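# Breakdown of the fold
Listed below are the residues making up each chain.
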Amino acid sequence: MGGTEQKYVQEAFETNWIAPLGPHVNGFELDLKEYLKEDTEVACLSSGTAALHLALILAGVKSKDEVLCQSFTFSASANPITYQGAKPIFIDSEKDTWNMCPVALEEAILARIAAGKKPKAIIVVHLYGMPAKIDEILKIAKKYSIVLIEDSAEALGSTYKGQKCGTFGDFGILSFNGNKIITTSGGGALVTKNLEIKAKAVFLATQARDNAPHYQHSQIGYNYRMSNVLAGIGIGQMEVLDKHVELRRKNHQFYESFFNDVAGVTVFKEPTRDFFSNHWLSCIIIDSKITGFTSEELRLKLEKDNIESRPLWKPMHLQPVFKDCQYFGGNVAETLFETGLCLPSGSNLTDIDRERISKSIREIL
Ligand SMILES: *Cc1c(COP(=O)(O)O)cnc(C)c1O
């Protein structure tokens, strides 16, 4: 927390706006819209997962439809596809950004069109805050007229060619879950292209109530709106967002210089200057033939010293729950999972923490 959040929460109490609507919800939406710039309208919701679900509904995804989704991601990117009774088709990553491979994406689209089943939407993810190759993905989405949904849950503050992640696709989604770069404890947002689509999202998020004095419903709705109390936390967090991005990038720089002369360890970084990552998490890849230890051995060593690190996301096409889904691509995501590690990356990491981490890693080196 930055310090001012409680003031806004207090304000919500004092004005008795304890509801899933109110001035803080509107204010947080405005702050986000201003931060993202471009022509966007933002709807604050109960979670990033809810935002993805609404994006799929608004994209017209229905039962038995197919949706192309990056395999290397957190399960929340893919789960909402199944809420719609639709089928995820998973796409491999490329090595530069670790995100959706444009070549595998086009391959999948062509194969599915040839099978008489054109996919309804594409979900691309900016994983760990790293912008995907969004120019190429956008071009493919336009070429085949498929809705593009950008999962920007981990990438608030990241940019590609100066444009904020979450503003490229037909829909963008953000998350303010407790582990993200800013948080409302739980929460999310749907980034849309105009007010009309935003209004549809808010309508669905508030139980799809028709315009009538009584309670009348012509559609199935959801209880997905953000609480005005939590939006107060969000407004306070917006004041420290740039600071948090700076701190996360500082963590990344620390790991870059630490591993600079260590053979066999590669720190995940932007492939060119077009990419600006918020470095939500700092990650490394270990070539155990050179280092003499695997990523799992390093994780266990850190754990012994009471330092938490974690394997990279396990690709969705390798998850038991998605074992029957189609997959296009090679073994990029799989290799990343087998050889990678997320290192301590909190915005509150101190110099003393960094010294402890250095000492522990130096011992295994
Ligand atoms: C956190 C996250 C989500 C889901 O956000 P919630 O707010 O936790 O529902 C979706 N996609 C990715 C890549 C995430 O990291």
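The notes below deal with the structure included here. (Residues numbered from 1 in each chain as written. Predicted model: local features only at pLDDT ≥ 70, side-chain atom pairs only at ≥ 80, totals over all residues. Heavy atoms only, no water.)

With that settled, the discussion passes to the overall build of the chain. A count of helical and extended segments in the chain gives 13 helices and 14 strands. A compact globule built from 365 residues should have a C-alpha radius of gyration of about 21 Å, and the chain, at 21 Å, falls within 12% of that. Its C-alpha atoms give the chain principal-axis dimensions of about 70 × 60 × 35 Å. Here the chain holds 365 residues, and 56% of them are scored as buried. The long-range fraction of contacts in the chain, counting pairs at least 24 apart against all pairs at least 6 apart in sequence, stands at 70%. Accessible area of the chain: about 16,400 Å², with a carbon and sulfur share of 52%. (Helix = DSSP H or I, 4+ residues; strand = E, 2+ residues; numbered from the N terminus. Rg over C-alpha atoms; globule rule 2.2 N^0.38 Å. Buried < 20%, exposed > 50% of the residue type's maximum accessible area, 1.4 Å probe, protein only. Contact = heavy atoms within 4.5 Å. Areas by Shrake-Rupley, 256 points an atom, 1.4 Å probe, with all protein chains shown as cover.)

A few words on the pairing of strand β3 (residues 87-91). Successive residues of a regular strand alternate their side chains across the two faces of the sheet. Summarising burial for β3: four of the five residues are buried, a large majority. With two bridges connecting them, β3 and strand β13 (residues 327-328) associate as parallel partners. The residue bridging Phe90 from the neighbouring strand is Tyr327, located in β13. (Pairing = 2+ DSSP bridges.)

Residues in close proximity to the ligand total 15 residues, the closest being Thr49, Asp151, Glu154, Ser175 and Lys180. Side-chain polar atom of Glu154 to an oxygen atom of the ligand: 2.6 Å apart, as the coordinates give it. The separation between an oxygen atom of the ligand and a polar main-chain atom of Gly187 is 3.4 Å. Look at the ligand: alone it shows 380 Å² of surface, and the protein chains cover 94% of it. (Near = heavy atom within 4 Å. Polar contact = N/O pair within 3.5 Å; in protein donor to acceptor, adjacent residues only side chain to side chain.)

For the rest of this paragraph, the subject is the side chain of Arg225. Within the secondary structure, Arg225 sits in the loop between α7 (195-205) and α8 (228-238). In this structure the side chain of Arg225 is engaged in a polar contact, spanning 2.8 Å, whose partner is the side chain of Glu29. Filtering out sequence-adjacent residues up to four positions away, Arg225 remains in contact with Pro20, Val25, Glu29, Ala43, Cys44, Leu45, Ser46, Val202, Ala205 and Thr206.

Turning next to helix α6 (residues 134-143). Among the residues making up α6, those that are buried are Ile134, Ile137, Leu138, Ile140 and Ala141. Projection of α6 onto a plane perpendicular to its axis shows the buried side chains occupying an angular sector of 165°, all on one side. Pointing more than 90 degrees away from the buried face of α6 are the exposed residues Lys139, Lys142 and Lys143. Taken from the residues just after α6, Ser145 is the one with a positive phi, measuring 50°. (Arc of directions from axis to C-beta.)

A separate point is the packing of helix α3 (residues 48-58) against α7. Across the interface, α3 lies against α7 with an axial gap of 10 Å and an inter-helix angle of 115°. In terms of crossing hand, the pair formed by α3 and α7 is right-handed. Mapping the contact onto sequence places Leu54, Ile57 and Leu58 in α3 and Ile197, Lys200, Ala201, Leu204 and Ala205 in α7. Of the residues contributing to the contact of α3 with α7, the split by class is seven nonpolar, no polar and one charged. (Axes fitted to C-alpha atoms, helices over the stretch in contact; angles between N-to-C directions. Left-handed = near helix turned anticlockwise from the far one by under 90°. Nonpolar A, V, L, I, M, F, W, Y, C, P; charged D, E, K, R; others polar.)

With that out of the way, let us pick up the side chain of Gln84. By the secondary structure assignment, Gln84 is in the loop between α4 (79-83) and β3. Residue classification places Gln84 among the buried residues on the basis of a relative accessible area of 17%. Within polar-contact distance, the side chain of Gln84 engages the side chain of His53 at 2.9 Å. Filtering out sequence-adjacent residues up to four positions away, Gln84 remains in contact with His53, Leu56, Ile57, Val61, Lys62, Ser63 and Tyr222.

Moving on, we come to the packing of helix α5 (residues 102-114) against α6. Contact pair α5 / α6: the axes reach a minimum separation of 10 Å and the direction vectors enclose 15°. Regarding the angle of α5 to α6, the classification is roughly parallel. The handedness of the crossing between α5 and α6 is right-handed. Residue-level contacts link Pro102, Leu105, Glu106 and Ile109 of α5 to Glu136, Ile137, Ile140 and Lys143 of α6. For the contact of α5 with α6, the residue count by class is five nonpolar, no polar and three charged. (Parallel < 35°, antiparallel > 145°, perpendicular 65-115°, else oblique.)

This paragraph deals with the packing of aromatic side chains. Scanning the model with the defined rule gives 14 aromatic pairs in all. Ring centres of Phe258 and Phe259 lie 5.0 Å apart, and the angle between their planes is 85°; this geometry places the pair in the edge-to-face category. For Phe259, a relative accessible area of 3% translates into the label buried. Sitting over the ring of Tyr215, Arg209 keeps its end group 3.7 Å from the ring centre. The ring of Phe254 has Arg354 sitting right over it, with the charged end atom 6.0 Å from the ring centre. (Phe/Tyr/Trp six-rings, centres within 6.5 Å; stacked < 30°, edge-to-face > 60°. Lys NZ or Arg CZ within 6 Å of the ring centre and 35° of its normal.)

A few words on the sheet that holds strand β10 (residues 265-267). A sheet is described by the order of its strands in space; here three strands give the open sequence β10-β12-β14, paired in antiparallel fashion. Lying at the two open borders of the sheet, with one neighbouring strand each, are β10 and β14 (340-343). On average, each strand axis in the sheet is inclined to that of its neighbour by 30°, with strand direction left out of account. As paired strands, strand β12 (residues 282-286) and β14 are joined by four bridges and run antiparallel to one another. Among the inter-strand pairings, Cys283 is bridged to a residue of β14, identified as Cys342. Sitting on the sheet, helix α11 (residues 295-304) touches β12 and β14, and the angle it makes with β14 is about 25°.

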